[in-house]
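Descriptive structure summary
Here's the letter readout for the chains.
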Number of protein chains: 2
Amino acid sequence: MKRFKILLIVGDGLGDRQVTQLKGKTPLEAADKPNIKSILNSSIMGLMDPIGPGIVPGSDTSHLAIFGLDPYKYYKGRGSFEALGAGATLNEGDVAFRGNFATVDSEMRIIDRRAGRKIDEAADLVRELNDKINEIEGVKVRFYKGTEHRVSVVLSGDAMSDKVSDTDPHEVGSRVLQSRPIDSSPGSEKTAKIVNALTQRIYQVLSESPINNKRKAEGLPPANIILLRGASIHSELPKLKDYTGLKGAAVSATALIKGVSKSLGMEVITPPGATGGIDTDYMAKADAAIKLLESDYDLVFLHVKATDAASHDGLVSEKVRAIEMIDRVIGKIFDIYGTDLVLLFTGDHATPVELKEHSGDPVPILLYAPVNIIPDELGGFDERQARHGSLKIIGLNIINLLLNYSNRASKYGA
Amino acid sequence: MKRFKILLIVGDGLGDRQVTQLKGKTPLEAADKPNIKSILNSSIMGLMDPIGPGIVPGSDTSHLAIFGLDPYKYYKGRGSFEALGAGATLNEGDVAFRGNFATVDSEMRIIDRRAGRKIDEAADLVRELNDKINEIEGVKVRFYKGTEHRVSVVLSGDAMSDKVSDTDPHEVGSRVLQSRPIDSSPGSEKTAKIVNALTQRIYQVLSESPINNKRKAEGLPPANIILLRGASIHSELPKLKDYTGLKGAAVSATALIKGVSKSLGMEVITPPGATGGIDTDYMAKADAAIKLLESDYDLVFLHVKATDAASHDGLVSEKVRAIEMIDRVIGKIFDIYGTDLVLLFTGDHATPVELKEHSGDPVPILLYAPVNIIPDELGGFDERQARHGSLKIIGLNIINLLLNYSNRASKYGA
C-alpha cells in the first residue's frame, strides 16, 4: 500500500459570496481553473466550517484547526506566532507583542501610527534597538523586523504575564498609553512595569538615532516609538510529526502563518519573490513546493495570502486572478512532480470581497487522491458546486482525511 | 457593513413524518406557504438536530441549545422555567415544582388528577393559598397560577434540594405520595419533609375554601389538593446579551418557553389573544414582533405552540393550518417591517402527528438573509427538500449562524 505525499494548499480568505461585479458569481466560480477541472474525476469536495458553523475564524485559529489542534485548547493569541514568523525563537513563558513603528511628538502624542508605513530603514532601526536595549530590569528584550512598519518585541524573564494592556491607543492625537495589568497576578504588574520602562527607553534610543535624523532631514516622519499591542505568552504546541507522523514543510511569506507552521515544528520556506501580497511570485512558491515534495517531507503546505489581501481591499478581479494563479500553481506542481500525491485545496475562512472582512460562512474544500477515492463527479469546484459534494466537515477533520487518503492513517481500536 | 436585525420563529414540534391522511406528505409539505416560497431565492436550508442525531428533545432543552447554551451543561429541569413563565422571580437555590390542582377524597385518594381541567376559580384559589400559606418551617412558599389546572410552587430557604420525589402518583385511585429524598444530602431530607408538610397544609386550606364549597354546590370537582412533580433547583443562566451581544425579546404564550426566555434575560411579551394553543391569535403575535423589531431589540424570537399542540392531539389538518398561519405571520412581518432582516424559521423538535409525541428526527431549518447568502435554490421548504440544502447542523450552531449572517459576529483569533 503506497503512502502518498500530501500537498495542502490554503488560499487565505478563499471563500466568498455572490459578487455583483461578477453577475452573482463568486470569485471561485468566476475564475478559470483548467487544472482543477482536470482532477475532478478523482476528487471529492464539500463545505468546511473551519472552527464551527457561523463562527468567524482568524487565520491563526483556523490554521491550528486545519492542522488538527483545537484552537479553543491551544490558541493563546497572535503575538507569539507573529514573533516566530518574524524570526524569533521563543521559550515557554516568553511574552511577545505585536508592534508598530510610529511617530510621536515630544509629549508622546501620536502623529502617525505607522511612521509613513513603508520604512526603508526598518532593519537598521531594529538592529540599533537590539544593540542598545538588551534588558530592562533583568528581563531580556529582543526586537524582530516584520513587514513594512511592523515589529515584534519579545520579553524573556521569570514569571512574566500576557495579561497587560496595550500601549497603542489606536488613534492619532492620543498619547501613548501606559500598559496596565489586566489581572491581579504579580506577573502582570511586573510585565506592565517593564513594558512602560521599555517604551521610554525605545523613545530615547529612537529619538537620538541618526537614522531618524536622516529621515527628518528628508521630510519623512521619524520612527521614534514602537506602539505595542496583543501581548501573548508563548506556550509550546504539540509537533505535527509527533501527533501525525508527518514530516511537514510550509511555503509561506506571511509572518502569522509562518509562525503557526514553526510552532508545529514544520520547516518554513519563503522563496525570493514570495511577498504575502497580490504581487507574490506564485511560480517561485510552486517551485519551492516541488523541491520539498521531492525531498523527504511527507506534507507540504503552500499558503497563499493574495486571495485574502485582495478581499480585504475589495479588489474583485485581483481575487479572481489570485485563484487562477493558484490553479496554475496546482498545474505546475502536477506537471513536474506528477499526480502521485494527495492534494487538499481549501481556504482558512471566507473573506467575502464585498464585505472586506472575514466571515463565518463555510468554505469550499477539494480533496484529490490519485487512487482510493470515489469521485463526487461534479462539474466544477466552487462554493455552489461544493454544496453537492460528499464532504461536510470542520477544520479539525482535515488532518485525518489527509492521513486516510494518503494511506498513512493508523487504526483506532482493534 | 449593516448589522441586520434577527427574527427567529420556532414552530414548536414543527418537524413531522409522512402522514397517511396527507397521502404521504408531511404537514409542512402539505401546507400552502406562499410567503416562504417568495424568500427562497435568498435563503439556505437544511436539517437540524436540536440536541444531536436521534436524541428526542424536550422543548426546554432544545430552546436552550437553539439559544446557544449546551443543555447537558445548563439544564436543571423544567420546574424553574415553568415558574418563571408563570410570573415568579427566582433566586439561586430556590426549588420550583410543577403542580396540578386535583381532587382527592378524605383519604387523599385521587378522584380527578386535574380537578376538571378548566378551573375558572384558579386565580382565586392561588390568591387564597398565597394569603394563608407564607412559610413552612422557615421555608418561604409561593404559588403561581399556570394555564388551566396548572400551578407552580416555589420554595425558598437555606440548603434546599431538588433531589426529592413527586407527590403526584400519576394515577386515579392512588393516594397522594409522600415525597422522599432521592439522594442522601441533608437538603433533600429537609426539602422532602417540607413538601409533605406543605401538602397537608394545602389540603387543609383548600378543603375549607369557600371557593371549593361553591364548586361542590355546582357539581364541580373541588380543587382540594396540589399534586407536585418535577422539582428543579434554580440556577442563574448566562444572559443572551452577555454571550452574544444581542438584546433579545420573545413573543410567546407558553409558560415553559417564556421561562426559558426570561432565564436568558430576554424581555417576554404575551399579546392579548395569544393562547399557546391552536386557537391563538397569530396576527397579534406578528404585530407584537413588528413592534419589537421597530424598537431597539436586535433579536426577536416568536414562538408558536399550535404546531405542537395539534401534533399531540393528532389533529393533522390543524397542524397544516398552524403552519399556514406561520407563513402568514412571516408575510405580515415582511410586508410591514420590510425584508431588511435575517429570518430563521425552524422547529424545536419533531412531534409527528401520527406519533403524537416528540421524536428525535431532524427538523427542517430555513435561513433567509437579505444579502450575504448564496441561496440553495430549492423549490420549497419542507422535510424532504431540506435534505438537499447546505445546512446540516445541531441546535447549538444556530446562534453563531445568526450572528454571522446578520453581520454581528466577532472574529475568533486574528
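Since this is a predicted model, take the numbers as computed values, not measurements.

The helix and strand inventory of chain A stands at 15 helices and 15 strands. Taking 22 Å as the expected radius of gyration for a compact globule of 414 residues, we find that chain A reaches 23 Å, a close match to that expectation. Referenced to the eigenvectors of the C-alpha coordinate spread, the extents of chain A come out at roughly 65 × 55 × 40 Å. Expressed as a percentage of its 414 residues, the buried residues of chain A come to 60%. Considering only residue pairs separated by 6 or more positions, chain A has 73% of its internal contacts joining residues 24 or more positions apart. Put simply, chain A shows about 16200 Å² of open surface, and 48% of that area lies on carbon and sulfur atoms. Averaging the positions of the 51 positive and the 54 negative side-chain charges in chain A gives two centres separated by 1 Å.

On to the interface of chain A and chain B. Of the residues lining the interface, 31 residues belong to chain A; the matching set on chain B comes to 23 residues. A combined buried area of about 2100 Å² lies between chain A and chain B, and 57% of that area is made up of carbon and sulfur atoms. Contact with chain B buries surface across chain A, with A:Arg17, A:Pro53 and A:Arg387 losing the most and accounting together for 29% of the total. Of the charged contacts in the structure, one is a salt bridge between A:Arg384 and B:Glu377, with a shortest N-O distance of 3.5 Å. The tally of links between chain A and chain B comes to 16 residue pairs in polar contact (both at pLDDT 80 or more).

Moving on, we come to the domain arrangement of chain A. Structurally, chain A comprises domain 1 (5-76 + 237-405) and domain 2 (88-233). Computed from C-alpha atoms alone, the centre-to-centre distance between domain 1 of chain A and domain 2 of chain A is 34 Å.

Attention now goes to the relation of the copies chain A and chain B. Mapping chain A onto chain B calls for a rotation angle of 122° and an axial translation of 0.1 Å; the resulting RMSD is 0.2 Å. When the rotation and shift are considered jointly, the pair of chain copies conforms to a three-fold rotation axis. When you check the interface residues of chain A against chain B, a mere 3% turn up at the interface there too, and the two sides of the contact use different surfaces.

Sheet strands pair via backbone hydrogen bonds, and the direction of the pair is either parallel or antiparallel. Residue and element names in this part refer to chain A. An order of S11-S10-S12-S1-S13-S14-S2-S15 is seen for the eight strands of this open sheet, with the pairing classed as mixed. Bordering the open sheet on either side are strand S11 (267-269) and strand S15 (391-394), each of which pairs with just one other strand. When the angles between neighbouring strand axes are averaged without regard to direction, this sheet yields 20°. Bridging between strand S1 (residues 5-11) and strand S13 (residues 341-347) involves seven bridges; their strand directions are parallel. Bridging from a neighbouring strand, Gly-11 pairs with Gly-347 of S13.

All right, on to the packing of helix H3 (residues 59-66) of chain A against helix H10 (residues 255-263) of chain A then. Residue and element names in this part refer to chain A. Where H3 contacts H10, the two axes come as close as 10 Å, and the packing angle between them is 35°. Taken as a pair, H3 and H10 cross one another with a handedness that is right-handed. Between H3 and H10, the residues in contact are Ser-59, Asp-60, His-63 and Leu-64 and Leu-256, Ile-257 and Val-260, respectively. By residue class, the composition of the contact of H3 with H10 is four nonpolar, two polar and one charged.

This paragraph deals with helix H6 (residues 122-132) of chain B. Residue and element names in this part refer to chain B. Every buried residue of H6 is accounted for by Ala-122, Leu-125, Val-126, Glu-128 and Leu-129. Take H6 and look down its axis: the buried residues cluster within an arc of 160°, on one side only. Those residues of H6 that are buried lie in contact with strand S3 (95-104), strand S6 (139-145), strand S7 (150-156), helix H7 (186-207), helix H8 (210-217) and strand S8 (225-233).

This part takes up the pairing of strand S10 (residues 248-251) of chain A. Residues and elements named next belong to chain A. Burial along S10 is two-sided: Gly-248 and Ala-250 and Ala-249 and Val-251, pointing in opposite directions, are all buried. Note: S10 against strand S12 (residues 299-304), four bridges, orientation parallel. Within S12, the position partnered with Ala-250 by the bridge is Phe-301. As paired elements, S10 and S11 share three bridges and run parallel to each other. Bridged to Ala-250 within S11 is Val-268. Once the chain exits S10 it traverses H10 before rejoining the sheet at S11, and the crossover so formed is right-handed.

Residues and elements named next belong to chain B. Ordered by their spatial adjacency, eight strands build an open sheet running S10-S9-S11-S1-S12-S13-S2-S14, and the pairing between neighbours is mixed. Taken across any chain shown, the strands that pair with only one partner, and hence form the sheet edges, are strand S10 (267-269) and strand S14 (391-394). Between one strand and the next, the sheet's axes are offset by a mean angle of 20°, whatever the strand orientation. As judged from the four bridges shared by strand S2 (residues 43-49) and S14, these two strands associate in the parallel manner. Residue pairing for S14: Gly-46 is matched across the bridge by Leu-391. Of the strands in this sheet, strand S1 (5-11), strand S11 (299-304), strand S12 (341-347) and strand S13 (363-368) touch helix H13 (residues 316-337), which is tilted by about 175° from S12.

Time to look at the environment of B:Val19. Residue and element names in this part refer to chain B. Within the element layout of this structure, Val-19 appears in the loop between S1 and helix H1 (27-30). Of the residues examined, Val-19 reaches a relative accessible area of 1% and is grouped as buried. Once the C-alpha coordinates of Val-19 and Lys-163 are considered, the two residues, 144 residues apart in sequence, prove to be 41 Å apart. In this structure, Val-19 is in contact with Gly-24, Lys-25, Pro-27, Val-316, Val-353 and Glu-354, ignoring residues within four places of it in sequence.

Glancing now at the packing of aromatic side chains. Enumeration over the complete set of coordinates arrives at 10 aromatic pairs over all chains. Residues A:Tyr72 and B:Tyr412 carry aromatic rings whose centres are separated by 4.6 Å and whose planes lie at 10° to one another, so their mutual orientation is stacked. Residue A:Tyr72 is found in helix H4 (residues 71-74), and its partner B:Tyr412 is found in strand S15 (residues 411-412); the two belong to separate chains. An aromatic cluster of at least three residues, connected via ring pairs, comprises A:Tyr72, A:Tyr75, A:Phe81 and B:Tyr412. In this structure, A:Lys247 packs its charged tip against the face of A:Tyr297, placed 4.8 Å from the ring centre.

Within the structure shown, the criterion is met by 51 salt bridges over all chains. In this structure, A:Arg215 and A:Glu121 form a salt bridge, with 2.8 Å as the shortest nitrogen-oxygen distance. Of this pair, A:Arg215 sits in helix H8 (residues 210-217) while A:Glu121 sits in the loop between strand S5 (110-112) and helix H6 (122-132); the two residues are 94 residues apart in sequence, bridging distant segments of the chain. For A:Arg215, a relative accessible area of 2% puts it in the buried group. Here B:Glu128 and B:Lys132 are joined by a salt bridge, their closest N and O atoms 2.9 Å apart. Of the two residues, B:Glu128 and B:Lys132 both sit in helix H6, four residues apart, roughly one turn of that helix. Judged by relative accessible area, B:Glu128 falls into the buried class, the value being 10%. For B:Lys132, a relative accessible area of 44% translates into the label partly exposed. One salt-bridge network, held together by shared partners, links A:Asp12, A:Lys305 and A:Asp308.

Residues and elements named next belong to chain B. In terms of burial, S2 is a largely internal element, seven of the seven residues being buried. Inspection of the sheet shows S2 paired to S13 by six bridges, in the antiparallel sense. Bridging across to S13, Gly-46 finds its partner in Ile-365.

Residues and elements named next belong to chain B. Its location among the elements puts Lys-5 in strand S1. Within the buried core, Lys-5 has no salt-bridge partner, and the shortest N-O distance to an opposite charge, that of Asp-298, equals 5.5 Å. Other than its neighbours up to four places away in sequence, Lys-5 contacts Leu-293, Ser-295, Asp-296, Tyr-297, Asp-298, Tyr-337, Asp-340, Leu-341, Val-342 and Arg-408.

Let us now look at the packing of helix H11 (residues 282-294) of chain B against H13(B). Two quantities define a packed helix pair, namely the angle between the helix axes and the distance between the axes. Residue and element names in this part refer to chain B. Interhelical geometry of H11 versus H13 gives an angle of 35° and a closest axis separation of 9 Å. In this structure, the crossing between H11 and H13 has a hand that is right-handed. The residues of H13 that touch H11, namely those facing Tyr-282, Met-283, Ala-286, Asp-287, Ala-289, Ile-290, Leu-293 and Glu-294, are Arg-321, Ala-322, Met-325, Arg-328, Val-329, Lys-332, Ile-333, Ile-336 and Tyr-337. Within the contact of H11 with H13, the residues separate by chemical class into 12 nonpolar, no polar and five charged.

So, how was this worked out
Residues numbered from 1 in each chain as written. Chains lettered and ligands numbered in written order. Predicted model: local features only at pLDDT ≥ 70, side-chain atom pairs only at ≥ 80, totals over all residues. Heavy atoms only, no water. Helix = DSSP H or I, 4+ residues; strand = E, 2+ residues; numbered from the N terminus. Rg over C-alpha atoms; globule rule 2.2 N^0.38 Å. Buried < 20%, exposed > 50% of the residue type's maximum accessible area, 1.4 Å probe, protein only. Contact = heavy atoms within 4.5 Å. Areas by Shrake-Rupley, 256 points an atom, 1.4 Å probe, with all protein chains shown as cover. Lys, Arg positive; Asp, Glu negative; His and termini not counted. Charge placed at Lys NZ, Arg CZ, Asp CG, Glu CD. Buried area = accessible area lost by both parts, 1.4 Å probe. Salt bridge = Lys/Arg side-chain N within 4 Å of Asp/Glu carboxyl O. Polar contact = N/O pair within 3.5 Å; in protein donor to acceptor, adjacent residues only side chain to side chain. Domains from an automatic or database assignment. Least-squares fit on C-alpha atoms with pLDDT ≥ 70 in both. Pairing = 2+ DSSP bridges. Axes fitted to C-alpha atoms, helices over the stretch in contact; angles between N-to-C directions. Left-handed = near helix turned anticlockwise from the far one by under 90°. Nonpolar A, V, L, I, M, F, W, Y, C, P; charged D, E, K, R; others polar. Arc of directions from axis to C-beta. Right-handed = clockwise from strand over helix to strand, strands pointing away. Phe/Tyr/Trp six-rings, centres within 6.5 Å; stacked < 30°, edge-to-face > 60°. Lys NZ or Arg CZ within 6 Å of the ring centre and 35° of its normal.

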